[in-house]
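# Per-entry structural report
What follows is each chain in one-letter form.
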Amino acid sequence: MAAYVCTTALVTGGASGIGRAIVEALCADGVRVFLADLDQDRAEEAVGMITRGGGAAEAHCVDVADSAGVTRLFSVLRGRCDRLDLLVNCAAIMGATTFIDDMSDREWDRVITVNLTGTFYCCREAVRWMKEHRHGRIINFSSVAALMPTPGAIHYSTSKAGVAQLTKTLAREVARYNLRVNAVAPGYVETPMLFKLDVKFKEQILRRTPLGRFALPNEIAALVRFLASPEADFFTGQVLSPNGGLVM
Ligand code: NAD
């Protein structure tokens, strides 16, 4: 088990898939976790299961694309604990599979706003708070789609490449305050997001993946645990991609 300096964490998008596996892993390590998600019912259901098992989790409803909503969330959290040790920005949407000539402004804007701007809003609030304590870790979610552009997902691929660059730039800005910022860029992972993809596309991905399978959410959560732990104290500005060898 990782020896956490971390006692409090905020995980956005924690109600489903990878985010939920991260919340469960952190709670199992004794971390108090604030699970923030747009889907309040699923967030409360996840928190109910975790607290029945002895974990310390709280559900909060937020749309990360709403700047004022993110500010409100952080002001509520500041009233709930003294400091935030870890922010994991997992919330994201994939958007519809559409080539550029058929993509509406609205579709482009929503994916960029949730995935990239939402990550920015949460990072900004976390940095303001963590700087006061000169301690904190931020883990953002990029994607293999940023490394291997995916036709039909120009909004998603671009948003995730933006998250990688945001991570590196922020890591340089805040290192002097003892804040570490890294990103995880998973390959394809068995979550509700993957279930939405076309069957033929998924078969093609499996054929091109040397390990011949998709990742499990807990394999990605294990990397987040490592990045959040003191063992990773020399990591900052890195984008780590567990992808089964799909991109080397
Ligand atoms: P998921 O769809 O299972 O979960 C995403 C969660 O984010 C959901 O609970 C959803 O309600 C929440 N969410 C969506 N929009 C939100 C908003 N505006 N505000 C707050 N919460 C919001 O997805 P997942 O597969 O677990 O993906 C987790 C992260 O990993 C995402 O950033 C995703 O882009 C990234 N990722 C996933 C895969 C994959 O194959 N599953 C691959 C690469 C990267």
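What counts and how
- Every chain is numbered independently, its residues counted from 1 as its sequence is written.
- Note on the predicted model: pLDDT of at least 70 is required for a residue's local features to be given, and 80 or more for side-chain atom pairs to be given and counted; whole-chain, interface and lining totals, by contrast, use all residues.
- Only heavy atoms go into the side-chain values, all of them from the structure, while hydrogens and water stay out.
- UniProt positions are given in the numbering used here, feature names are shortened, and annotations may be inferred rather than shown by experiment.
- A run of H or I in DSSP becomes a helix once it reaches four residues, and a run of E becomes a strand once it reaches two; helices and strands are each numbered from the N terminus.
- Relative accessibility under 20% of the residue-type maximum defines a buried residue, over 50% an exposed one, and the middle range a partly exposed one, all with a 1.4 Å probe and only protein chains included.
- None of His or the chain ends enter the tally, which takes Lys and Arg as positive and Asp and Glu as negative.
- Here a salt bridge means any side-chain nitrogen of Lys or Arg lying within 4 Å of a carboxyl oxygen belonging to Asp or Glu.
- Working convention: axes come from line fits to C-alpha atoms, limited for helices to the stretch in contact. Angles between N-to-C directions cover 0 to 180 degrees.
- Any angle that falls under 35 degrees is termed roughly parallel, while one over 145 is termed roughly antiparallel, one within 65 to 115 roughly perpendicular, and all others oblique.
- Left-handed is the label given to a crossing in which the near helix is rotated counterclockwise from the far helix by less than a right angle, and right-handed is the label when the rotation is clockwise.
- In what follows, a contact means two residues having at least one pair of non-hydrogen atoms within 4.5 Å.
- Nonpolar residues are Ala, Val, Leu, Ile, Met, Phe, Trp, Tyr, Cys and Pro. Charged residues are Asp, Glu, Lys and Arg, and all others, Gly as well, are polar.
- Here a residue counts as near a molecule or strand whenever at least one of its heavy atoms sits within 4 Å of it.
- N or O atoms closer than or at 3.5 Å make up a polar contact, with two conditions inside protein: a donor-capable atom paired with an acceptor-capable one, and, for residues adjacent in sequence, both atoms drawn from side chains.
- Using the Shrake-Rupley algorithm and a 1.4 Å probe, accessible areas are obtained, with residue cover drawn only from the displayed protein chains.
- Ring pairs shown here join Phe, Tyr and Trp side chains whose ring centres sit within 6.5 Å, with only the six-membered ring taken for Trp; geometry is labelled stacked below 30 degrees between planes, edge-to-face above 60, and tilted in between.
- Only buried residues count toward a nonpolar core, which is a set of Ala, Val, Leu, Ile, Met, Phe, Trp, Tyr and Cys residues joined through side-chain atoms within 4.5 Å.

Turning to the protein chain, the UniProt annotation filed under Sequence similarities (unreviewed entry) states: "Belongs to the short-chain dehydrogenases/reductases (SDR) family."

## So, the side chain of lysine 202
Looking at the element boundaries, lysine 202 is found in helix α8 (residues 199-208). Although buried, lysine 202 forms no salt bridge, and the nearest oppositely charged side chain, aspartate 198, lies 8.6 Å from it.

## Side note on the packing of helix α3 (residues 67-80) against helix α4 (residues 105-133)
Relative orientation of the contacting elements α3 and α4 amounts to 30°, with a least axis distance of 9 Å. The orientation of α3 with respect to α4, classified from their angle, is roughly parallel. Like other packed secondary-structure pairs, α3 and α4 cross with a definite hand, here right-handed. In this structure, α3 uses Ser67, Val70, Thr71, Phe74, Leu77 and Arg78 to contact α4, whose residues at the interface are Tyr121, Cys122, Arg124, Glu125, Ala126, Arg128, Trp129 and Glu132. In terms of residue class, the contact of α3 with α4 is made up of seven nonpolar, two polar and five charged.

## Describing the site of the ligand
Around the ligand, 29 residues are found, and the nearest of them are Ser16, Asp37, Tyr156, Val189 and Thr191. At 3.2 Å, a backbone N or O of leucine 38 approaches a nitrogen atom of the ligand. Its free accessible area being 830 Å², the ligand has 94% of it covered by the protein chains. Within the residue set of the shell around the ligand, elements represented by two or more residues are α1 (17-28), α4, α6 (154-174) and α7 (192-195).

## Quick notes on the packing of aromatic side chains
Taken as a whole, this structure holds four aromatic pairs when the rule is applied. Centroid distance phenylalanine 74 to tryptophan 129: 6.4 Å. Interplanar angle 80°. Geometry classified as edge-to-face. You can see phenylalanine 74 sitting in helix α3 and its partner tryptophan 129 sitting in helix α4, a full 55 residues away along the chain. Comparing phenylalanine 74 with tryptophan 129, the two get one shared label, buried.

## Some thoughts on the environment of valine 184
Looking at the secondary structure, you find valine 184 in strand β6 (residues 179-184). Linking valine 184 and glutamine 238, residues 54 residues apart in sequence, is a C-alpha distance of 8.3 Å. Setting aside residues up to four positions removed in sequence, valine 184 forms contacts with Ile139, Asn140, Phe141, Ser142, Ser143, Ile220, Leu223, Val224, Leu227, Leu240 and Pro242.

## Some words on the pattern of salt bridges
When the charged atoms of two side chains with opposite charge come close together, those side chains can pair. Within this structure, the stated rule accounts for 13 salt bridges. A salt bridge links arginine 80 to glutamate 58; the shortest N-O distance between them is 2.6 Å. Of the two residues, arginine 80 sits in helix α3 while glutamate 58 sits in strand β3 (residues 57-61), which places them 22 residues apart along the sequence. By relative accessible area, which is 40% here, arginine 80 ends up partly exposed. Note on glutamate 58: relative accessible area 16%, which makes it buried. The shortest N-O distance in the salt bridge between arginine 128 and glutamate 125 comes to 3.1 Å. Here arginine 128 pairs with glutamate 125, and both are found in helix α4, just three residues apart, close to one helical turn. Relative accessible area serves as the criterion here: at 45%, arginine 128 is assigned to the partly exposed category.

## Observations regarding the nonpolar core
Ile22, Leu26, Leu86, Phe141 and Val184 are the most contacted members of the largest nonpolar core, which totals 34 residues. Only β1 (8-12), α1, β2 (32-37), α2 (40-52), β4 (86-89), β5 (136-141) and α9 (217-228) provide two or more residues apiece to this core. With seven residues, α1 is the largest single contributor of residues to this core. Not counting residues up to four positions away in its chain, the partners in contact with phenylalanine 141 are Ile18, Ile22, Val88, Asn89, Cys90, Lys160, Val163, Val184, Pro186, Ile220 and Val224. Ranked by size, the runner-up nonpolar core spans 30 residues in total, among them Ala36, Ala65, Leu77 and Ala171.

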